[in-house]
Amino acid sequence: MATVPLVEKPPAPVAGPPSSAHRKKGILSYWRLYAAISPFYLLFLAFGLIPVGFSLYLSFHRWDGLGSMEYAGLSQYRYLLSDTDFWSSIGNTLIIWGLATFPMIFLAMVTAVMLNSAVRFKNVYRFAFFLPNVTSVVAVAIIFGSVFSTNFGLVNALLQAVGLDQVAWLNTPWGIKVAIATLMTWQWTGYNAIIFLAGLQTIPGELYEAARMDGAGPVQTFFRITLPLMRPVLLFVLVISTVTGLQSFSEPQVLLQSTANESTFSGGPDHAGRTMVLYFFQQTFDNNDFGYGAAVAWGIFLVVVIFSIVNWRLVQRRGED
């Protein structure tokens, strides 16, 4: 009997990569989704990326805003490094930032611990502490200008009540810095307290119960449990406070506009409250030097980045220790 030879099936074709036409058709099939998210990217391109790129281009030119641009190369950045007024504004900004940030973080942590342990009216307390952050900075600065007024201010009234002399808060270098730092502390304490409160509520209660059973008191519990577990939140608050504090503008500008001897961007007597951003506005809009103002803006960006990285590294290193 003859046997029928087996015929092997041909191998199945291996699917290759999709053709460019197929890929193009697949992308076009999602055009509605791309159109839905396009407004954000268009607005970011128009009001974010293009202005940033133009400011970098402008920093290498001299321009008064009306005439033709003149290429200046790196001369404006070289002048920026030797500009004593710019370095003075950096010093003012760092002092105000230090006077505001560290008391603010301490008060925010204490407030968050108190809110976390509160039993009744928690939402009312949260709203009350968050209210300063949503209040207009201009209105707050005007009120603080009255509070720190030399003749009729509340602070000087309290000093006189305890037998101390009046202080010209808005007319002396350190008085100006203390007034601005107090305003910023009042404005941001509640906001950061809410962030700390969110971090506290993620800590398991079993850890505190075990610590109490071992005889740990409130202070030991805070430093051995709460603070180590809150380090990521503390890092976030410190970096955000650094970025916002080093870019302070509205607070000194509105608070010192009545004492300004040159312009609203001068920072008060002896330029004691002239921050980096105020100096940028002064060079750009008072002196109509848009090219050098752009160079100042990029200098501010570099300072903010450096101090944010330093703060981040310090907190991370302490966490590793």
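Just so it is clear, the model here is predicted, and its values are computed rather than measured.

Conventions we followed
- Residues numbered from 1 in each chain as written.
- Predicted model: local features only at pLDDT ≥ 70, side-chain atom pairs only at ≥ 80, totals over all residues.
- Heavy atoms only, no water.
- Phe/Tyr/Trp six-rings, centres within 6.5 Å; stacked < 30°, edge-to-face > 60°.
- Helix = DSSP H or I, 4+ residues; strand = E, 2+ residues; numbered from the N terminus.
- Buried < 20%, exposed > 50% of the residue type's maximum accessible area, 1.4 Å probe, protein only.
- Patch = residues over 30% accessible without salt bridge, like charges linked within 9 Å, V, L, I, M, F, W, Y side chains within 5 Å.
- Areas by Shrake-Rupley, 256 points an atom, 1.4 Å probe, with all protein chains shown as cover.
- Salt bridge = Lys/Arg side-chain N within 4 Å of Asp/Glu carboxyl O.
- Core = buried A, V, L, I, M, F, W, Y, C linked by side-chain atoms within 4.5 Å.
- Contact = heavy atoms within 4.5 Å.

Observations concerning the packing of aromatic side chains
Following the criterion strictly, the structure yields 22 aromatic pairs and no others. The interplanar angle of 50 degrees and the centroid separation of 5.5 Å between the aromatic rings of Phe60 and Tyr77 together place this pair among those described as tilted. Note that Phe60 is positioned in the loop between α2 (31-58) and β1 (61-62) and Tyr77 in helix α3 (residues 75-82), a separation of 17 residues in sequence. Judged by relative accessible area, Phe60 falls into the partly exposed class, the value being 25%.

With respect to a nonpolar patch on the surface
Judged by side-chain polarity, Tyr30, Leu33, Tyr34, Ile37, Phe40, Tyr41, Phe44, Leu45, Leu49 and Ile50 come together as a nonpolar surface patch covering roughly 1100 Å² of accessible area. Locating Phe44 in the fold gives a position in helix α2.

Thoughts on the nonpolar core
Counting 20 residues, the largest nonpolar core has Phe144, Phe148, Leu170, Ile180, Leu183, Leu255 and Leu256 as the members making the most contacts within it. Those elements that place two or more of their residues in this core are α4 (84-117), α6 (137-147), α7 (154-161), α8 (173-200) and α12 (250-255). The leading source of residues in this core is α8, at six residues. With residues up to four places along the chain from it excluded, the contact list for Leu255 reads Ala141, Phe144, Gly145, Leu170, Ala179, Ile180, Leu183 and Ser250. Judged by nonpolar contacts, the second largest core, of 19 residues, contains Leu115, Leu200, Ile225 and Val233.

Structural notes on unusual backbone geometry
Of note, the phi angle at His271 is positive, near 55 degrees, even though the residue is not glycine. The phi dihedral of Asn288 falls on the positive side, at around 55 degrees, and the residue is not glycine. Relative to the assigned elements, Asn288 resides in the loop between α13 (276-286) and α14 (290-320). Its relative accessible area of 41% is what places Asn288 among the partly exposed residues.

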